[in-house]
Amino acid sequence: MVDEKFDAIVIGAGMAGNAAAYTMASRGLNVLQLERGEYAGSKNVQGGILYADMLEKLIPNFREEAPLERHLIEQRFWMMTDRSHTGMQYRSDDFNEEKPNRYTIIRSQFDRWFSKEVQAKGALVIAETTVTELVSDAYGKVIGVRTDRRGGTIFADVVVIAEGVNGLLGTRAGLRSSPKPDTVALAVKEMHFLPRETIEARFNLHGDEGVVIEAAGTISKGMTGMGFIYTNKESVSVGLGCLVSDFAEHDETPYGMLEAFKKHPSVAPLIEGSEVKEYAAHLIPEGGYKSIPELFGDGWVVVGDAAQLNNAIHREGSNLAMTSGRLAGEAIFQVKSRRDPMTKQNLALYKKFLDDSFVMKDLKKYKDMPQLLHTQAQNFFLTYPTLVSKAMENFLRVDGTPKIEKEKASVRSFVKERSLTGMVGDAWRLARAWR
Ligand SMILES: Cc1cc2nc3c(=O)[nH]c(=O)nc-3n(C[C@H](O)[C@H](O)[C@H](O)COP(=O)(O)OP(=O)(O)OC[C@H]3O[C@@H](n4cnc5c(N)ncnc54)[C@H](O)[C@@H]3O)c2cc1C
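Not measured: the values here are computed from a predicted model.

> Quick rundown of the overall build of the protein chain? Include the residues and the values.
The helix and strand tally for the protein chain stands at 15 helices and 17 strands. In terms of C-alpha radius of gyration, the protein chain reaches 23 Å, essentially the compact-globule figure of 22 Å for 435 residues. Its C-alpha atoms put the protein chain at 85 × 50 × 40 Å along the principal axes. For the protein chain, buried positions account for 53% of its 435 residues. For the protein chain, long-range pairs separated by at least 24 residues make up 71% of all intrachain contacts whose partners lie at least 6 apart in sequence. Summed over its atoms, the accessible surface of the protein chain is roughly 19,900 Å², and 51% of this surface lies on carbon and sulfur atoms.

> Explain the pattern of salt bridges to me, using residue names and the numbers behind them.
In the structure shown here, the tally under the stated rule is 29 salt bridges. Across the salt bridge formed by glutamate 56 and arginine 63, the nearest N and O atoms sit 3.0 Å from each other. With a closest N to O distance of 3.5 Å, lysine 406 and aspartate 399 form a salt bridge. A single network of salt bridges, built from pairs that share partners, joins Lys5, Asp7, Asp157 and Lys336.

> Tell me about the packing of aromatic side chains, residues and numbers included.
Ring pairs (aromatic) are described by centroid distance and by the angle formed between their planes. All told, the structure shown has nine aromatic pairs when counted by the stated rule. Centroid distance phenylalanine 110 to tryptophan 113: 5.5 Å. Interplanar angle 50°. Geometry classified as tilted. One end of the pair, phenylalanine 110, and the other, tryptophan 113, are both in helix α3 (residues 107-120), three residues apart, so they sit about a helical turn from each other. What makes phenylalanine 110 buried here is its relative accessible area of 0%. Tryptophan 113 sits in the buried class, given a relative accessible area of 10%. Ring pairs connect the aromatic residues Phe110, Trp113 and Phe114, which therefore count as one cluster. Lying across the ring of phenylalanine 333, arginine 27 places its NZ or CZ 5.8 Å from the centre. Geometry around phenylalanine 193 places lysine 277 over its ring, the cationic atom sitting 4.7 Å from the centre.

> Can you explain the environment of arginine 146? Please cite residues and give values.
By secondary structure assignment, the location of arginine 146 is in strand β9 (residues 142-147). Judged by relative accessible area, arginine 146 falls into the partly exposed class, the value being 32%. Here the alpha-carbon distance between arginine 146 and asparagine 394, two residues 248 residues apart in the chain, equals 64 Å. For arginine 146, the residues in contact, after removing those within four places along its chain, are Thr130, Val131, Thr132, Glu133, Val135, Gly152 and Thr153.

> Would you mind going over the domain arrangement of the protein chain in detail, with residue names and values included?
According to the domain assignment, the protein chain consists of domain 1 (6-67 + 105-177 + 293-365), domain 2 (182-285) and domain 3 (370-434). Each of domain 1 and domain 3 has a C-alpha centre, and these two points are 44 Å apart.

> Give a detailed account of the site of the ligand, specifying residues and quantitative values.
Taken together, 37 residues are adjacent to the ligand, and Glu35, Ile49, Arg107, Asp305 and Ser318 come closest. Contact between the ligand and methionine 15: an oxygen atom at 3.0 Å from a main-chain N or O atom of the residue. Contributing elements (two or more residues each) for the shell around the ligand: α1 (15-26), β3 (49-51), β13 (225-231), β15 (275-285) and α9 (318-337). Residue composition of the shell around the ligand, grouped by class: 17 nonpolar, 14 polar and six charged.

> Which residues make up the side chain of threonine 104, and what values do they have?
The residue threonine 104 is located in strand β6 (residues 102-104) in this model. Relative accessible area serves as the criterion here: at 0%, threonine 104 is assigned to the buried category. Only 2.9 Å separates the side chain of threonine 104 from the backbone oxygen of threonine 231, close enough to count as a polar contact. Once you skip the residues sitting within four places of it in the chain, threonine 104 turns out to touch Gly48, Leu68, Glu69, Arg70, Leu72, Tyr230, Thr231 and Asn232.

Quick notes on the rules
Along each chain, numbering runs from 1 in the same order as the chain's sequence is written. This being a predicted model, a pLDDT of at least 70 is required before a residue's local features are given, and a value of 80 or more before pairs of side-chain atoms are given or counted; all residues contribute to the totals for chains, interfaces and linings. Derived side-chain values reflect all non-hydrogen atoms in the structure, with water molecules and hydrogen atoms excluded from consideration. In this description a helix means any DSSP run of H or I spanning at least four residues, a strand means any run of E spanning at least two, and both kinds are numbered starting from the N terminus. Here the globule rule is a power law, 2.2 Å times the number of residues to the power 0.38, and the radius of gyration is based on C-alpha atoms. Only protein chains enter the accessibility calculation, which uses a 1.4 Å probe. A residue is then buried if its area is under 20% of the maximum for its type, exposed if over 50%, and partly exposed in between. Any pair of residues with heavy atoms lying within 4.5 Å of one another is described as a contacting pair. In this description, accessible areas are obtained by the Shrake-Rupley approach with a 1.4 Å probe, and a residue is regarded as covered only by the protein chains that are shown. What makes a salt bridge here is a side-chain nitrogen of Lys or Arg within 4 Å of a carboxyl oxygen of Asp or Glu, nothing more. Only rings of Phe, Tyr and Trp enter the pairing, Trp through its six-membered ring, and a pair is recorded when the two centres are within 6.5 Å. The plane angle decides the type: under 30 degrees is stacked, over 60 is edge-to-face, the rest tilted. By definition, being over a ring means that NZ of Lys or CZ of Arg is both within 6 Å of the ring centre and within 35 degrees of the ring normal. These domain boundaries are the output of an automatic or database domain assignment. Consider each residue's heavy atoms; a residue with any of them within 4 Å of a molecule or strand counts as near. Pairs of N or O atoms within 3.5 Å make up the polar contacts considered here, provided that, within protein, one atom can donate a hydrogen while the other can accept it, and that residues adjacent in sequence are counted only when both atoms are side-chain atoms. Residues are grouped as follows: Ala, Val, Leu, Ile, Met, Phe, Trp, Tyr, Cys and Pro are nonpolar; Asp, Glu, Lys and Arg are charged; every other residue, Gly included, is polar.

Right, here's the structure in full:
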């Protein structure tokens, strides 16, 4: 393998790694990027929504070439019981704009395209190569990596760790602890193929318009988790994820829950007659701000999911990954252009950039949400959806019962299940965690 010294080695060719490698290579740094998959994206999983703004900051004209599926004009949120859903929906023709804000993508295709852009900027990208170890000098500064290919250490001034949520290398090197089961969700996803016209008719779409449905409620059986349905051009992504610690405590399997979600009377008609061609399972970091590990040190920075930079409340991950990769690349470029060494002190610039960006501001805002949703899962994912559904049915069913009695019955059922103080407490806790 290669035996020269690089300005930077990037481990992983997902969203974060590609953004970092692209940023540094386009500024003239000598970059080596190593990816264990057969090609960039071959192992990557996402729902998936691409947030255009973050990619535009790297590649302004990406819409001309990138493999995009549909631009999103509608978002639905469903609060589900086993037989119903209470929905909230926003659809706007304003999202049919010249430069749409959100798209659905298929990661294996998208990452492959992104990687070609990285290579076009001059980075050396080698796939089918797993980094097995970070190499440090006698003072603990990371100076390179070893891989599963023959050959010794590959040296670099700085190593960008973009290895995704598992973070095995960082953990093995003692740079972070392994993610705790209550800070990662296990998600499963299927791709259901249907003719384009069928998708457009079922979801009320025209041309390349797309819709996203996010669903919470009894589908997660009292665990902290959600389901999703995303429209692609000729397929629909259907998935569901719950915290790993919850799966350990409940007698449920991810696949069994996904099957139940697909059979739900609100979901089944949307995917009826489809052909399932892909099934994938993947972890999502959901611990938020409090689970973020050390982000930089002597000779290294960590970006994307490997740094737990994921906003589970807004279902955003790839945009935080791309932004952290870009900011790490910019910080490294600045340190390099000053001819300063890649010490912890100098690489703190990356953390400063992150703190000033939406990434840290958003994660800090929701710092208490992951724990609240975990400890109150039974109420938020089972009790309230069931009560709301009963109240809606009661409200809509016309059966000769006077309206005043219907209203009193609904209020009584809330108070009986949750008590007045319980409800006030829930609202207060939610408002505090949301601030
Ligand atoms: C089911 C699901 C749905 C999601 N939906 C959305 C969504 O709709 N929108 C959104 O923004 N985000 C979504 N996410 C989150 C999003 O996918 C991640 O936040 C994003 O992929 C993180 O990018 P990353 O580059 O940090 O990690 P990854 O994309 O996981 O990339 C890590 C890369 O490193 C490689 N690698 C790992 N170890 C090594 C090693 N030792 N040597 C060499 N290479 C290595 C891997 O093969 C991989 O290519 C979803 C995630 C899941 C699981």
